[in-house]
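Fold and geometry: a report
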Amino acid sequence: MVPGEGECAMGKRKDQNIGEPEGSRKKKKKQVATPRPACSWVHFSRDFIKEYSASHPESSGLKAATKAASDAWKLMGPEEKAKYTTRAREVWDKYLSSAPARAPKPRRQTKLVTRCSPGRLLNVLQQLTPDQKEAVKSMGFGSILGLRCRTLRRSLCLWLLERFNTVRRSLEICGERIPLTPRDVELVMGLPASGKDVVNSGSDELILELRKRYNATNRGISVRLLEERLAAPEAGEDFKRSFVLYVMGTLLCPTARLDVSPSFLHFLTNMDVLHQYNWGKFLLDRLVREISRFRQGKQRAVGGCLLFLQLFYYESVAVGAAYESAPVAFPCLFSWGEEEISEREKQEKELGGYGSGEVVCMERGLGMGSLGYKAQTDSMPLRVVEPMQELSHAQDMEDQEYEDTFTEQEHAHTDGIEGNVACAEIEVVTGSGEVPCGNIKYGCTEIVDYSKKGDHEEACPYAPCTCPLRNCNVVDSSKQLSSHFSSKHWDSGSRFQYDSPLRVSLSKKETFLVLQAEKDGVLFLLSKGTQSIGHNVVITCIGPSSSKECFLYDVISEKGSSSLRLKSFAHSFPGRVEGLPPVDFLLVPFSYLGSSGQLDLETCIWSPTEPGSE
């Protein structure tokens, strides 16, 4: 008998399996890393479901118990949730201290994956009404309306990414190192490079309302939903917020995700102050962070505004001598359409590829933030473009180590690392007795007489301050520290409004609580010490000791009809206060503590006043 096709196939599979050890065809189990600690809600639900199941044997199972736990959690106040929040923090701190540091997974990219899509944005811009365009201009995003480029040159972007130094914030091309600054973003993209830092604002309730309004999920805010909203003819606040979200998610600050990050909602609560922000610095910080995260293997796609890198290259590297007679347009975004880019790419190929041109960023004025570049070089900061030198192995390792930790710390001023002269802007200083302030790395641009340098640095508003959280080593100016805390530790403190009472609770093991003002982001520290008869409580402001801002505050502790109250000024200290500071404090006896040993207080911090006004 002749075997059929099915029997032949079966025999082949049997022959292939001969000689394989038993169980070798089983799929290997993936090694699971140490699971991340649970949040406060999970700790609560576990306890609640056990009690609920025991007291409701007739219930329909886990689903009903989880629903009851969810309803109970929503009705609980901050004081009731404090028990579980504290437990979650303790578990998290233990996890961080015991978990081994994850080794970075550097990858070499062979195909560029990015969510930066200028063409998609251009389609939306072409549909805007005149009123909507005026609304865009009022927010400081008017330059985006002049976008002409539809596609990214991915081969160029990939080439630039391989030569982008995230530690020095520079491009290392054509044998030279070109530093990038927020002023370059202003010149190329037309976004302001001065003003207030982009910080989170608004209460948690407002953020929750905005998330519901935009159907924000864990994946983000749908790009198509934003496109539908922008298609409506209205030009009010909802249009402005939707437009900024769309621009951020498709061009300026895209992340590795397909949808727009809902974290952008945190600085879009007050649309009237949007034009006051330093968007140039924000875009550059995000670009550096996204590239660092990609290189560490934390995401598959490259985030950030790659169009900025592309146009910066076109403007700072000349091919041939065409640049000598070509006028400089502001912003450069207006000069590059599809035809101009295609012609430039053709010239690059004729010369042998990218990097064959000449760096002309000083002649073109990039990084100088003005239109009269050559005429104003005597009074403006000059860019330092140094020839690249071969770095030692030790220096390479140092850069790599810093890059690995940079994304976690989110330090806003990596330009100011000692020895990194090529990455900073320098002033043209006349006179041998004048020197820059020692806090230049934290943002101070003052040039002072050498004999007065010490006096200036004692009173400098950019004096370094440390992050109050124990597991964070970030050191920066108080202003930048506020921005850092808003973005990295937004769930580790309590936000408050000036002149309004705030009830807080410190558990038995908590020794301090960070308070952040919603209006200006100023950080305060409510510290709790222990004495023989009770706890001493004091509020300090995180800022330079020489700060002239005065914040009056009240602290009240109640027990029945009795109450204790302290009214004092919050003295400024550059970080967390250890021990009892030499200032006024409130002593709360142990008898005032709650049943679980927690310290319940009512605080009120008043708006800043001038010294001696009260």
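Residues numbered from 1 in each chain as written. Predicted model: local features only at pLDDT ≥ 70, side-chain atom pairs only at ≥ 80, totals over all residues. Heavy atoms only, no water.

Along the backbone of the protein chain there are 18 helices and 20 strands. Each of the 614 residues in the protein chain was classed as buried or not, and the buried ones make up 45%. With an accessible surface of roughly 32,600 Å², the protein chain has 51% of that area assigned to carbon and sulfur atoms. (Helix = DSSP H or I, 4+ residues; strand = E, 2+ residues; numbered from the N terminus. Buried < 20%, exposed > 50% of the residue type's maximum accessible area, 1.4 Å probe, protein only. Areas by Shrake-Rupley, 256 points an atom, 1.4 Å probe, with all protein chains shown as cover.)

Right, let's talk about the pattern of salt bridges for a bit. Two side chains of opposite charge can pair, provided their charged atoms sit close to one another. Inspection of the entire model under this criterion finds 19 salt bridges. The shortest N-O distance in the salt bridge between glutamate 162 and arginine 163 comes to 3.4 Å. Residue classification places glutamate 162 among the partly exposed positions, given a relative accessible area of 41%. Via salt bridges that share partners, Arg169, Lys281 and Asp285 belong to a single interconnected network. (Salt bridge = Lys/Arg side-chain N within 4 Å of Asp/Glu carboxyl O.)

Turning next to the sheet that holds strand β17 (residues 562-569). Across the sheet, which stays open at both edges, the four strands sit in the order β12-β20-β16-β17 with antiparallel pairing between neighbours. Both edges of this open sheet fall to β12 (502-506) and β17, since each of them pairs with a single strand only. Geometrically, the sheet is characterised by an average inter-axis angle of 25 degrees between neighbouring strands, direction not taken into account. In terms of strand pairing, β12 meets strand β20 (residues 599-605) through five bridges, oriented antiparallel. Within β20, the position partnered with leucine 502 by the bridge is threonine 603. (Pairing = 2+ DSSP bridges. Axes fitted to C-alpha atoms, helices over the stretch in contact; angles between N-to-C directions.)

Most of β20 sits out of view: five of its seven residues are buried. Pairing geometry for strand β16 (residues 552-559) and β20, over four bridges, is antiparallel. Paired with isoleucine 556 across the two strands is glutamate 602, which belongs to β20.

This paragraph deals with the packing of aromatic side chains. In the structure shown here, the tally under the stated rule is 23 aromatic pairs. Centroid distance tryptophan 41 to tryptophan 73: 6.0 Å. Interplanar angle 65 degrees. Geometry classified as edge-to-face. Note that tryptophan 41 is positioned in helix α2 (residues 40-55) and tryptophan 73 in helix α3 (residues 62-75), a separation of 32 residues in sequence. Judged by relative accessible area, tryptophan 73 falls into the buried class, the value being 15%. The interplanar angle of 40 degrees and the centroid separation of 5.8 Å between the aromatic rings of tryptophan 159 and tyrosine 354 together place this pair among those described as tilted. Here tryptophan 159 is found in helix α7 (residues 154-162), whereas its partner tyrosine 354 is found in the loop between α14 (338-351) and β5 (358-359), with 195 residues between them in sequence. An aromatic cluster of at least three residues, connected via ring pairs, comprises Trp41, Phe44, Phe48, Tyr52, Trp73 and Tyr84. Lying across the ring of tyrosine 214, arginine 229 places its NZ or CZ 4.5 Å from the centre. (Phe/Tyr/Trp six-rings, centres within 6.5 Å; stacked < 30°, edge-to-face > 60°. Lys NZ or Arg CZ within 6 Å of the ring centre and 35° of its normal.)

Per-residue confidence for the protein chain averages 78 on the pLDDT scale, and 77% of its residues sit at or above 70. Confidence over residues 322-327 falls short of pLDDT 50; this stretch has six contacts with residues more than four positions distant or in other chains. (pLDDT = per-residue confidence, 0-100. Contact = heavy atoms within 4.5 Å.)

What follows deals with the nonpolar core. Ranked by size, the top nonpolar core spans 79 residues in total, and within it Phe141, Met189, Leu252, Leu307, Phe308 and Leu309 carry the most contacts. At nine residues, the largest contribution of residues to this core is made by helix α11 (residues 237-252). Not counting residues up to four positions away in its chain, the partners in contact with methionine 189 are Ser143, Leu251, Leu252, Cys305, Leu307, Phe308, Pro331 and Leu333. Of all hydrophobic cores here, the second largest spans 28 residues; its members include Leu513, Val522, Val555 and Leu601. (Core = buried A, V, L, I, M, F, W, Y, C linked by side-chain atoms within 4.5 Å.)

For the rest of this paragraph, the subject is the side chain of glutamine 299. Turning to its location among the elements, glutamine 299 is positioned in the loop between α12 (279-295) and α13 (306-316). Among the polar contacts made by the side chain of glutamine 299, one reaches the side chain of arginine 293 at a distance of 3.2 Å. (Polar contact = N/O pair within 3.5 Å; in protein donor to acceptor, adjacent residues only side chain to side chain.)

Located in the positive-phi region is asparagine 215, a residue other than glycine, with phi close to 50 degrees. Examined against the element boundaries, asparagine 215 turns out to sit in the loop between α9 (204-213) and α10 (223-230). Overall, asparagine 215 belongs to the exposed group, its relative accessible area being 52%. One non-glycine residue, aspartate 499, lies in positive phi territory at about 65 degrees. Its location among the elements puts aspartate 499 in the loop between β11 (494-496) and β12. Judged by relative accessible area, aspartate 499 falls into the partly exposed class, the value being 40%.

A contiguous nonpolar surface patch, about 250 Å² in accessible area, is contributed by Ile533, Phe585 and Leu587. Looking at the secondary structure, you find leucine 587 in strand β19 (residues 586-589). (Patch = residues over 30% accessible without salt bridge, like charges linked within 9 Å, V, L, I, M, F, W, Y side chains within 5 Å.)

Attention now goes to helix α4 (residues 78-98). Under the 1.5 Å per step criterion, the end-to-end length of α4 is 29 Å for 21 residues, consistent within 8% with the ideal 30 Å. Its axis deflected by about 30 degrees at tyrosine 84, α4 carries its strongest bend there. Buried within α4 are the following residues: Tyr84, Thr86, Ala88 and Tyr95. On its buried face, α4 sits against α2 and α3. (Expected span 1.5 Å × (residues − 1). Bend = angle between axes of the 7 residues up to and from the residue.)

Assignment of secondary structure puts serine 527 in strand β14 (residues 523-530). Residues contacting serine 527, with those up to four places away along its chain left out, are Thr511, Phe512, Asn536, Val537 and Val538.

Relative orientation of the contacting elements α2 and α4 amounts to 115 degrees, with a least axis distance of 8 Å. As for how α2 packs across α4, the hand of that crossing is right-handed. Listed contacts from α4 to Ser40, His43, Phe44 and Asp47 of α2 are Tyr84, Thr85, Arg87, Ala88 and Val91. Residues belonging to the contact of α2 with α4 are distributed by class as follows: four nonpolar, three polar and two charged. (Left-handed = near helix turned anticlockwise from the far one by under 90°. Nonpolar A, V, L, I, M, F, W, Y, C, P; charged D, E, K, R; others polar.)

Looking now at the state of the cysteines. Within the structure shown, the criterion is met by zero disulfides. Left without a disulfide partner, cysteine 305 is nearest to the cysteine sulfur of cysteine 116, which lies 4.9 Å away. (Disulfide = S-S within 2.5 Å.)

Moving on, we get to the environment of phenylalanine 267. Note that phenylalanine 267 resides in the loop between α11 and α12. Considered as a pair, phenylalanine 267 and isoleucine 207 are 60 residues apart in the sequence and their alpha carbons are 9.6 Å apart.

Mapping lysine 479 onto the fold places it in helix α18 (residues 478-488). Sequence spacing of lysine 479 and valine 522 is 43 residues, and the spatial spacing of their C-alpha atoms is 7.6 Å. Aside from chain neighbours lying at most four places away, what touches lysine 479 is Gly195, Lys196 and Asp197.

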